[in-house]
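# Observations on the model geometry
Okay, here's what each chain looks like letter by letter:
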Amino acid sequence: MAHRTQTPTRSRLTRRSRTLLAAALLTALAGCGGGDPGDGAARVKEAAVPAVPKPAVAPAGLPGMPPLLDPNDVYAADRPNQLSPVVRNFPSRVYVPNTNSNTVSVIDPATYQVVETIRVGIQPQHVVPSWDMKTLWVNNNRGHTLTPIDPATGVAGKPVEVHDPYNLYFTPNGKYAIVMASLDRELVFRDPHTMERKKTVPVSCYGVNHADFSADGRYFVVSCEFSGELLKVDTEKMEVIGQQKLPFEGAMPQDVKISPDGKTFYVADMMAHGMWVLDGEKFTTPTLLPTGKGCHGLYISRDSREMYVPNRGEGSISVFDFAQNKLTKKWWLPDGGSPDMGGVSADGKVLWLSGRYDSEVYAIDTASGKQLARIPVGGGPHGLAVYPQPGRYSLGHTGIFR
């Protein structure tokens, strides 16, 4: 090798010598890359700079979306009592929209008593926390208005005209509100504060009602209850990029929820009596996991380990374990009932559900499944909101926080 021979002085280093020296060095370096590693190759390898592996490039999220606290858990910001400074001083209340009474019953969870009844528009369906968590929007479906409620005071403001607001969501970056215009067969993207219409997306399915977003916020999955279909929508482009019919005659999909690891979507189906398990990325045909008659809502525990699944048609709540990938428990309401939509208390100890056909609300212990209270409210209670809840921002519905 070149470094074993006597190096010529600078004045004696001829052009031919320099050429031979360069060739020898190239030969030695080439020995590091393959072939039989001889003695010279080993010495050159010791002096070489090791290759630096390129870091894995994570898929880019929706522009403007706050990054997940934990890439392996989309609900990492929802731990018990982890309240944002925005909501920390709000009084703890349960807001219950009574579809048939055109009112919102306000429950004090400490006493299980209705402390106020607010008159709102026609057919209130859901009470929805805004993206910035400062406002609760009551979706007056047939009144074609949204009624804002200040959660700091409990006072309702002036209704905002919005046509056919069956349900309401917010893009993960807070740029748009998305109205689920069920009978209009539209997804309407609006200003999240003024509710001014920005873009209308007509859909060919019937009854758009519930949704949830991918972990990166790039798309969301929508259920269409009256035609038994699912949509996949590009969040940034505001376009439908996928559509499929569920493989069950008479399917009626309801609530949609993504798994903590962001890999799977679950879709409750009140006529198939179970949850559809969907690969959101591939958007291939989902499989059905039976839970109980009238499977309706989907709610994640504060530790991200379980999901509570109310079965409205039989008065039960199934409990799904994410790690075990199976149902592990079923809680039955004493004296029956019609558990529908709701949410989990800030401390994670109580599951609150509306009794859609029984004019009541159920409080259920999440440790034991024991019923803690049945509270009389107005007629047709539906998408109640437990507020405040942990999280940094709201994606809508009765409270999807991240």
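Here's a quick rundown of the structure. Source: prediction; values computed, not measured.

Broken down by element type, the protein chain carries two helices and 29 strands. Residues classed as buried in the protein chain amount to 54% of the 402 residues present. Considering only contacts in the protein chain between residues 6 or more positions apart, those separated by 24 or more positions represent 47%. For the protein chain, the accessible area works out to roughly 18000 Å², and carbon and sulfur atoms hold 53% of it.

Take the pairing of strand β19 (residues 274-278) next. Within β19, four of the five residues are buried, which leaves the element mostly enclosed by the surrounding structure. Looking at chain direction, strand β18 (residues 265-269) and β19 are connected through five bridges and run antiparallel. Opposite alanine 268, over in β19, you have methionine 275 as the bridge partner. Hairpin connection from β18 to β19: four residues lie between these consecutive antiparallel strands, with histidine 273 at a positive phi of about 60°. In terms of strand pairing, β19 meets strand β20 (residues 287-290) through four bridges, oriented antiparallel. Pairing of valine 277 across the sheet is with threonine 287, part of β20.

This brings us to the state of the cysteines. Counting across every chain of the model gives one disulfide. Here cysteine 205 pairs with cysteine 224 through a disulfide, and the sulfurs are 2.1 Å apart. Since a negative S-S torsion denotes a left-handed disulfide, the cysteine 205-cysteine 224 link at about -50° is left-handed. Taken together, the residues span a long stretch of sequence, with cysteine 205 in the loop between β12 (197-202) and β13 (208-213) and cysteine 224 in strand β14 (residues 219-224) at a distance of 19 residues. Relative accessible area serves as the criterion here: at 0%, cysteine 205 is assigned to the buried category. According to the relative accessible area criterion, cysteine 224 is buried, its value standing at 0%.

Let us now look at the nonpolar core. Grouped together as the largest cluster of nonpolar side chains are 26 residues, with contacts concentrated most on Phe265, Tyr266, Met275, Leu298 and Met307. At the level of elements, β14, β17 (253-258), β18, β19 and β22 (306-311) are the ones that each hand at least two residues to this core. Element by element, the count of residues in this core is highest for β18, at four residues. The next biggest cluster of nonpolar side chains, apart from the first, holds 23 residues, and it includes Leu62, Tyr169, Val201 and Val208.

Across five bridges, strand β27 (residues 360-365) lies against strand β28 (residues 371-376) in antiparallel orientation. Paired with isoleucine 364 across the two strands is glutamine 371, which belongs to β28. In this antiparallel pair of consecutive strands, β27 and β28, the connection spans five residues, and glycine 369 shows a positive phi of 80°.

This part covers the packing of aromatic side chains. For the structure shown, the criterion picks out 11 aromatic pairs. For the pair phenylalanine 213 and phenylalanine 220, a centre-to-centre distance of 4.9 Å together with 45° between the ring planes defines the contact as tilted. Neither residue differs from the other here; phenylalanine 213 and phenylalanine 220 are each classed as buried. One aromatic cluster is present, formed by Phe90, Tyr387 and Phe401 through successive ring pairs.

Parameters at a glance
- Residues numbered from 1 in each chain as written.
- Predicted model: local features only at pLDDT ≥ 70, side-chain atom pairs only at ≥ 80, totals over all residues.
- Heavy atoms only, no water.
- Helix = DSSP H or I, 4+ residues; strand = E, 2+ residues; numbered from the N terminus.
- Buried < 20%, exposed > 50% of the residue type's maximum accessible area, 1.4 Å probe, protein only.
- Contact = heavy atoms within 4.5 Å.
- Areas by Shrake-Rupley, 256 points an atom, 1.4 Å probe, with all protein chains shown as cover.
- Pairing = 2+ DSSP bridges.
- Disulfide = S-S within 2.5 Å.
- Core = buried A, V, L, I, M, F, W, Y, C linked by side-chain atoms within 4.5 Å.
- Phe/Tyr/Trp six-rings, centres within 6.5 Å; stacked < 30°, edge-to-face > 60°.

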